[in-house]
Every structure is written in C-alpha cells, then in structure tokens.
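Each chain, written out:
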Amino acid sequence: MNVADSELVASILNKNDFTIVDNIDDAEIIIFNTCSVRQHAEDRVLGRISNEISRKNSNTQLKIGVIGCMAQRLGNKLQKQNEKIDFVVGTDQYKKLPEIIMYLFENPGFRSDTIINNKEIYEDIFPIHTGKLNAFITIMRGCNNFCSYCIVPYVRGRERSRDVEDIINDVHKTGKQGFKDVTLLGQNVNSYNYQGIDFAELLRRVNKVETIKRIRFVTSHPKDLSDEVIEVMANSEKICEHLHLAMQSGDDEILRSMNRGYKADHFNNIVQKLRRAVPDIAITSDVIAGFPGETQAQFKRTYDLMKKIEFDYAFTFKYSPREGTKAAKFNDHIPEETRLDRLQQLINLQQDITLKKYKDQIGKVKEIYVEKLSKRSNEELAGKSRDFKITVFKGDKSLIGTFVNVRITDAVGWTLKGKEV
Ligand code: SF4
C-alpha cells in the first residue's frame, strides 16, 4: 500500500513540475513515506530521517518531509522528535503537498496537515508506476474492521471504494504502458463495494481488460472472502493462482480477542475450498505470535494449524503493541522472551514447509513473467510464476517483459531454478 501511495504522491508532485531525481544528493526535497504497522518500522524510519537530516548542514535549502501512516499517527509530535523536519502530511492530504512544499521554500518553518478525510480516494490521479513490470492499482482505501492490534483504521480512516469505471480505465492504461501483471490493492479487497458492484463483479470486469495478462489482489480478509469470489478466481484465466490470506492465529479465543470475526475452522475451510476450486493455488499468510493473553496451549493451536494447512509462505511476527489500539491496553501482555521464542518456532516450522512446497515444484512447467537479469549472473533471468514464486533460468535479456514457459529443475531457498522449454 505504501509503494502505491508513493507512486500516487510522485504523480501529484510531477503534475506540479516536481521531478524525481535518481541520486539523493541532487534532491531539494526528501520525502519519507512511512509505515506504522509495527514499532520496528517506525524506529527504522526515525533512524533513516536522522541520517538524511545531516544533509541540511551543507544544503540549507533542503526540505525534509514525512508522509504516510506514521505522519498521520504522530502529526506534530514528529517535529518535536526531530525539529529539522519541515513538513508532516497525513494519508488523506497528499493533494496539498505541492502547495505546502512551495510555501515552505518562501516561508521556511514547519507545516503539517493530518486531517482525516474519509471521502478522499484520489480518484483523478493516475500513479507513476515504479515497478519493473508489475503495477499496483488501488481499488479502495481505509478499513472498517478494527482488529484489536491494528493501527490502520485510525491512520487511514474508514473504508471507501473507487469508481469501478475508473479502476477499469487505470488497469487498461497500465497494461498499455507495458505492465502486464497488476495487483489490485486495498486493506480488505473482499469488502469492495461501489454502488452495489462487489469485488467478485469487479474481478470479472478486470479479467476482461485486454491489455493485461495477470491479476493479483491483496489483502483478503478471511471473514469476507465469499464463495462467489472463489468461483470467479477459478473461472478467470487472468487471475493468478495465489492468494494472501491472513490467518493471524489458530485459536478461537485469541481470534475473538483480535476481533478478527472468524474462527480457526472457518479459516481452514476456506483454504480447503480454495484448494478444491483452484488446483495448485499458492496460499500465503500472516501470523502473529505472542498476542496478549496467548497461553502455551493457544499458541500450540496456531502452530498446529499452520502445520496442517502448509502455507507456501507465511509472514510471521511477534506481537507489537501499537499505542491507541485496543490490544495495547490489554493487561496480559506476554513477556518479550516468550514472544520471541514462539516466533522462532513458527519461523522454523514455516521454513521447512516452504522448502518442501518449493521442492514439490520440481518437474513442473511454469509460466514465468520475466522481470530482470538475475542478481547472480548476466546470463540468467529472473521472474515470477503465476503462483508468485521467483524463478531463475538461463536466457537472453531480450526475453525481459515476456512470458516464458520454464521447467523447474531445482529449489534453492525461496527461489526456483529451471530451464526454458
Ligand atoms: S482488516 Fe484488520 S488487520 Fe487488516 S487493516 Fe483492517 S484492521 Fe488492520
């Protein structure tokens, strides 16, 4: 979502005669687009800001700004933490950035705007796609779910969906620009609804756009993933065989305390339905270890469900309290040491599963969208399969941007190796 927002901001600034420089030394303005989802992300960006701010010693005109969820969450407090920050702009006020920046060049000082606007959807702005060959298309903003650990609804406001026609036009235009793989984005895409058009219908329409070849979407909330969406996934040739579906926990009591709106059985049933409807689908997930109150037995249920389901990959996190959320106020926080230990157990489990899943691919022929030269060799190309696995094979760089069938011969870590067929 932040990459997509950076592309949106780049477009807003570009329309107002600002340009992106390749080298940070040439920049007159440095903007940090920030994430608030975990404390770690905030700590890291504060470090980055401190590093870059020393540039002001030699370039007194340099302006440094902070945007995104952390800007929205902390507002003016950010300037108190680092008084050399020139501007702080929240997630719904990006259209004001050109005016704010120009004002600061005339009137040095500090400016901020973090007013939440639950109607802002940036409808009329076509982003500058910065990906190699894959592009993000935002279909909705905000979230209404209030999972008890999550800061997103507080910093991105309520859910609102973009006009279906605008989305289709953007997808078409994106495809014409050469991006054949598009990812539809939203905090909870399954609850997309624009004047009665739901996500299943949106997918059907996007599938008809001729200029693209692959469709992905994130993020899907398990409580809102309908049978109809699964059916559309099964019957739409462009929708890739990959779904990211956040499980978060395998214990009903913890799921209830997280305010996730589903039980472990429901999650498991959806996975089975998906696997029946879309053979060879890769399912990836997010899982939290050490949520407040999580007992050893409850953790074990999460561990066991992960083991039973066998995700292709899972992003595992130790619970990170976010100030302002309901869970941060719970009084049964798990000691850091236990959270880390549980996290490590999940990481070890998932590593073994992922390796097995990747080895299972050996012998299969996969369609690879070739993105670039591989990092290791100029004679090798790298791209992604429809089920979102990075695949490397020998080939000429003229194949970049094309779709190539590759027989998988090996799996090394999280990378598949193969030969063009
Ligand atoms: S669905 Fe839950 S976890 Fe996802 S953005 Fe909304 S509140 Fe956060």
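**Focus on the pairing of strand E18 (residues 403-412)**
Part 1: Where strand E15 (residues 365-373) meets E18, 5 bridges bridge the pair, whose relative direction is antiparallel. Each bridged residue has a counterpart across the sheet, and for Val 365 the counterpart in E18 is Arg 407.
Part 2: Summarising the sheet, E18 and strand E19 (residues 415-420) pair through 6 bridges and their orientation is antiparallel. Note that in E19 the partner of Arg 407 across the bridge is Lys 419.
Part 3: Adjacent in sequence and paired antiparallel, E18 and E19 are bridged by 2 residues, among which Gly 413 carries a positive phi angle near 60°.

**Section: the domain arrangement of the protein**
Part 1: Split by domain assignment, the protein resolves into domain 1 (2-113), domain 2 (134-359) and domain 3 (365-420).
Part 2: Spacing between the C-alpha centres of domain 2 and domain 3 amounts to 26 Å.
Part 3: The partner domain 3 presents 17 residues to the 23 residues of domain 2 that form the contact.
Part 4: Note on domain 2 versus domain 3: buried area summed over both sides is about 1,700 Å², and carbon and sulfur give 53% of it.
Part 5: Taken together, domain 2 and domain 3 are joined by 5 salt bridges.
Part 6: As a salt-bridge pair, Lys 389 and Asp 312 come within 2.7 Å of each other at their nearest N and O atoms.

**Quick look at the site of the ligand**
Part 1: The local shell around the ligand consists of Cys 143, Asn 145, Phe 146, Cys 147, Tyr 149, Cys 150, Val 152, Pro 153, Gln 187, His 221 and Arg 260.
Part 2: For the shell around the ligand, the per-class residue count stands at 7 nonpolar, 3 polar and 1 charged.

**Some words on the side chain of Arg 339**
Part 1: Inspection of the secondary structure assignment puts Arg 339 in helix H13 (residues 336-359).
Part 2: By relative accessible area, Arg 339 is classed as buried at 11%.
Part 3: Among the polar contacts listed, one links the side chain of Arg 339 to the backbone oxygen of Ile 334, at a separation of 3.0 Å.
Part 4: Not counting chain neighbours up to four residues away, the residues in contact with Arg 339 comprise Ala 289, Gly 290, Lys 318, Tyr 319, Pro 321 and Ile 334.

**Examining empty space enclosed by the protein**
Part 1: Applying the stated criterion across every chain, the model contains 1 cavity of 30 Å³ or more.
Part 2: By volume, the largest cavity amounts to about 150 Å³.
Part 3: Together, 17 residues line the largest cavity, and Leu 8, Ile 125, Pro 127, Thr 138 and Arg 162 are the ones closest to its centre.
Part 4: If you list the elements that add at least two residues to the lining of the largest cavity, you get helix H1 (2-15), strand E5 (134-138) and helix H7 (164-176).

Calculation criteria
- Residues numbered from 1 in each chain as written.
- Predicted model: local features only at pLDDT ≥ 70, side-chain atom pairs only at ≥ 80, totals over all residues.
- Heavy atoms only, no water.
- Pairing = 2+ DSSP bridges.
- Helix = DSSP H or I, 4+ residues; strand = E, 2+ residues; numbered from the N terminus.
- Domains from an automatic or database assignment.
- Contact = heavy atoms within 4.5 Å.
- Buried area = accessible area lost by both parts, 1.4 Å probe.
- Salt bridge = Lys/Arg side-chain N within 4 Å of Asp/Glu carboxyl O.
- Near = heavy atom within 4 Å.
- Nonpolar A, V, L, I, M, F, W, Y, C, P; charged D, E, K, R; others polar.
- Buried < 20%, exposed > 50% of the residue type's maximum accessible area, 1.4 Å probe, protein only.
- Polar contact = N/O pair within 3.5 Å; in protein donor to acceptor, adjacent residues only side chain to side chain.
- 1 Å grid on protein atoms, 1.4 Å probe; cavity = no way out; pocket = protein on both sides within 12 Å on 5 of 7 lines; lining within 4 Å.
- Points joined across faces, edges and corners; volume = space filled by probe spheres on them.

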